[in-house]
Amino acid sequence: QVQLVESGGGLVQPGGSLRLSCTASGGIVSIYNMGWFRQAPGKQRELVAHIISGGSTNYGDPVKGRFTISRDNAKKMVYLQMNSVKPEDTAVYYCYADLLALTTERRAYWGQGTQVTVSS
């Protein structure tokens, strides 16, 4: 029943900007932590950004100062604003939400991923 859907991925030039969105739906009682992971070709999956319900954030070192995570609790959405993107940012980006649903214990849910390609 719970579903997370990403949007906003695509092709962007180096130095450009992109905004990813993720929407959670389906019998949700409370959302706690939300965030983004990514997996680039030949690399392990890594944390990009994390945000708790109170708004505190943390970022992986490669994206600090360039990416910003935010959330809209009323809309059950989390965003990733990507500025000054680099070719090294090319990856599949996955959103997640740590939440309590009507019929399940608190657990993490994941989106299917959206491809971001940074290239000229």
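Asker: Even after reading the chapter, I still don't get the pairing of strand E10 (residues 107-110), so can you show me in this structure?
Answerer: Each regular strand displays side chains that alternate between the two surfaces of the sheet. Sheet analysis places strand E9 (residues 91-101) next to E10, joined by 4 bridges and oriented antiparallel. Looking at the pairing, Leu99 lines up with Arg107 of E10. If you look at the hairpin formed by E9 and E10, you'll find 5 residues sitting between the two strands.

Asker: Just to check I follow, could you spell out unusual backbone geometry for this structure?
Answerer: In terms of backbone geometry, most residues other than glycine have negative phi values and most peptide bonds are trans. Within the chain, Lys76 stands out as a residue other than glycine whose phi angle is a positive 55°. You can see Lys76 is positioned in the loop between strand E7 (67-72) and strand E8 (77-82).

Asker: I tried to follow the sheet that holds E8 on my own but got confused; where do I start?
Answerer: By way of backbone hydrogen bonds, the strands of a sheet pair with one another, either parallel or antiparallel. Read across the open sheet, the 4 strands follow the order E1-E3-E8-E7; overall the sheet is antiparallel. Sheet topology places strand E1 (3-7) and E7 at the edges, where each strand pairs with a single neighbour. Neighbour-to-neighbour, the strand axes of the sheet open up by a mean angle of 15°, direction not taken into account. In this structure, E1 lies alongside strand E3 (residues 18-25), joined through 5 bridges in antiparallel fashion. Bridge pairing in E3 places Leu4 opposite Ala24.

Asker: I keep staring at the nonpolar core and nothing clicks. Help me out?
Answerer: Considering soluble globular proteins, one finds that nonpolar side chains tend to be buried as a cluster. Core analysis: the biggest nonpolar cluster contains 31 residues, and Trp36, Leu80, Met82 and Tyr93 have the highest contact counts within it. Contributions of two or more residues to this core are made by E3, strand E4 (28-39), strand E5 (46-51), E7, E8, E9 and strand E11 (114-118). It is E9 that contributes the most residues to this core, 6 residues altogether. Once you skip the residues sitting within four places of it in the chain, Tyr93 turns out to touch Glu6, Leu20, Trp36, Phe37, Arg38, Val48, Phe67, Leu80, Met82, Gly113, Thr114 and Val116.

The rules behind these values
- Residues numbered from 1 in each chain as written.
- Predicted model: local features only at pLDDT ≥ 70, side-chain atom pairs only at ≥ 80, totals over all residues.
- Heavy atoms only, no water.
- Pairing = 2+ DSSP bridges.
- Helix = DSSP H or I, 4+ residues; strand = E, 2+ residues; numbered from the N terminus.
- Axes fitted to C-alpha atoms, helices over the stretch in contact; angles between N-to-C directions.
- Core = buried A, V, L, I, M, F, W, Y, C linked by side-chain atoms within 4.5 Å.
- Buried < 20%, exposed > 50% of the residue type's maximum accessible area, 1.4 Å probe, protein only.
- Contact = heavy atoms within 4.5 Å.

Function cannot be inferred from these measures alone, as they are strictly geometric.
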